[in-house]
Amino acid sequence: MTSIGIYGSNGRMGRAIATIAEGEGATVAGGVDAGGDPFPLAQTADVLVDFSTPAALESHLAAAVAARTPIVIGTTGLMPTHHALIEQAADEIAVLQTGNTSLGVTLLNILVREAAARLGPDWDIEIAEMHHRHKVDAPSGTALLLGEAAAAGRGTRLAEVRVDSRAGLVGARSEGTIGFASLRGGSVVGDHQVIFAGEGERIEIGHRGEDRTIFARGALKAALWLAGRAPGRYAMAEVLGL
Ligand SMILES: NC(=O)C1=CN([C@@H]2O[C@H](COP(=O)(O)OP(=O)(O)OC[C@H]3O[C@@H](n4cnc5c(N)ncnc54)[C@H](OP(=O)(O)O)[C@@H]3O)[C@@H](O)[C@H]2O)C=CC1
Ligand SMILES: O=C(O)C1=N[C@H](C(=O)O)C[C@H](O)C1
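Since this is a predicted model, take the numbers as computed values, not measurements. (Residues numbered from 1 in each chain as written. Chains lettered and ligands numbered in written order. Predicted model: local features only at pLDDT ≥ 70, side-chain atom pairs only at ≥ 80, totals over all residues. Heavy atoms only, no water.)

**Describing the pattern of salt bridges**
So, step 1. Going through the model one piece at a time under the given rule, you end up with 13 salt bridges.
So, step 2. Across the pair Arg68 and Glu92 runs a salt bridge whose closest N-O atoms are separated by 3.5 Å. Taken as a pair, Arg68 in the loop between α3 (54-67) and β4 (71-73) and Glu92 in the loop between α4 (80-89) and β5 (94-97) lie far apart in primary sequence, 24 residues in all.
So, step 3. Of the charged contacts, one joins Arg208 and Asp191 as a salt bridge, the two residues approaching to 3.0 Å between their closest N and O atoms. On the criterion of sequence distance, the pair formed by Arg208 in strand β10 (residues 202-209) and Asp191 in strand β9 (residues 190-197) is long-range, its members being 17 residues apart.
So, step 4. For Asp191, a relative accessible area of 16% puts it in the buried group. (Salt bridge = Lys/Arg side-chain N within 4 Å of Asp/Glu carboxyl O. Helix = DSSP H or I, 4+ residues; strand = E, 2+ residues; numbered from the N terminus. Buried < 20%, exposed > 50% of the residue type's maximum accessible area, 1.4 Å probe, protein only.)

What follows is the structure, given as structure tokens:
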């Protein structure tokens, strides 16, 4: 069986992955948490999964590259510097980075891109998300993933049209922007809604995560699929055959 090394193994996601690993055809090679050394685990595992914190990503990638071990990165709150490090690592090893490993969001991403491409720029796009009270980053990685898909559908880049939140006298909406709203509270696993608002009508498509198992299952599928692959960037849609 393929052995999985978990960065962030004591966290909500790390525990969810370990719980279902055997049923998905994987064994757990071990885990690393805050203060741990990521290098030995990278040497022993067939493939790594990272659900930890952005601050740890650089050392996790260095360990994966040194051991030539593929890595699935689910950690969110990543900055452009992290994405540059991921690109560099993908020259050496197989890497899959996504803000959401679930089947539902992977399909939603495709639908959002398609809708944005077919609807003109006079349809305003807003993305709302809600998560549990412990979540530390906003907008969520999934919201940004969906925003990238919407922007790509329109032939633009999210960085050029992103509006993160509104408060006070912000003025009328600028055409072509993509807005984000983040709510936090309780134990919500992860809800996302993409709203296409036109003149006199609205289209709303979304996803509600009811259990972290959906992310854990997707992460394990991705890890098993990635093990033994050639260096490069890979995507959840490829893993799931969508
Ligand atoms: N892509 C996806 O589908 C999903 C992504 N996520 C993302 O995954 C990440 C983790 O989420 P969640 O499990 O809820 O968070 P938790 O806070 O529950 O867990 C984070 C874990 O990371 C560990 N950690 C902190 N620093 C380091 C370090 N330097 N090296 C290794 N491990 C470290 C923590 O260890 P310690 O306890 O010792 O501090 C903890 O075990 C978040 O960014 C979240 O947004 C979540 C769900 C799905
Ligand atoms: O922190 C979480 O819990 C989640 N994080 C991911 C995100 O930022 O989108 C995925 C999921 O929504 C749960």
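**Description of unusual backbone geometry**
So, step 1. Note the cis peptide between Ala138 and Pro139, where omega equals -10°.
So, step 2. As for its position among the elements, Pro139 is in the loop between β6 (124-131) and α6 (141-153).
So, step 3. The backbone of Arg68 sits at a positive phi, close to 55°, despite the residue not being glycine.

**What to know about the site of ligand 2**
So, step 1. Taken together, the residues surrounding ligand 2 are Thr76, Gly99, His131, His132, Lys135, Asp137, Ser140, Gly141, Thr142, Val189, His192 and Phe215.
So, step 2. A total of 330 Å² of accessible area belongs to ligand 2 in isolation, and the protein chains cover 84% of it.
So, step 3. Most atoms of ligand 2, that is more than half of them, are within 2 Å of grid points of the second largest pocket.
So, step 4. Its residues placed into classes, the shell around ligand 2 shows two nonpolar, eight polar and two charged. (Near = heavy atom within 4 Å. Areas by Shrake-Rupley, 256 points an atom, 1.4 Å probe, with all protein chains shown as cover. 1 Å grid on protein atoms, 1.4 Å probe; cavity = no way out; pocket = protein on both sides within 12 Å on 5 of 7 lines; lining within 4 Å. Sits in = over half its atoms within 2 Å of the grid points. Nonpolar A, V, L, I, M, F, W, Y, C, P; charged D, E, K, R; others polar.)

**A short note on the packing of aromatic side chains**
So, step 1. Counted by the stated rule, this structure contains one aromatic pair.
So, step 2. For the pair Trp225 and Tyr234, a centre-to-centre distance of 5.4 Å together with 80° between the ring planes defines the contact as edge-to-face.
So, step 3. The exposure class of Tyr234 is buried, given its relative accessible area of 17%.
So, step 4. For Arg229, the ring lying beneath its charged end belongs to Trp225, and the centroid distance is 3.7 Å. (Phe/Tyr/Trp six-rings, centres within 6.5 Å; stacked < 30°, edge-to-face > 60°. Lys NZ or Arg CZ within 6 Å of the ring centre and 35° of its normal.)

**A few points about the site of ligand 1**
So, step 1. Close to ligand 1 lie 23 residues, the nearest being Arg12, Met13, Asp33, Thr76 and Thr101.
So, step 2. Residue Asp33 places a side-chain N or O atom 2.6 Å away from an oxygen atom belonging to ligand 1.
So, step 3. Taking Lys135, its side chain carries an N or O atom lying 2.9 Å from an oxygen atom of ligand 1.
So, step 4. Out of a free accessible area of 930 Å², ligand 1 has 75% covered by protein chains.
So, step 5. Among the detected pockets, ligand 1 sits in the second largest pocket.
So, step 6. Among the secondary structure elements, those contributing two or more residues to the shell around ligand 1 are α1 (12-20) and α3.
So, step 7. Its residues assigned to classes, the shell around ligand 1 comprises six nonpolar, 13 polar and four charged. (Polar contact = N/O pair within 3.5 Å; in protein donor to acceptor, adjacent residues only side chain to side chain.)

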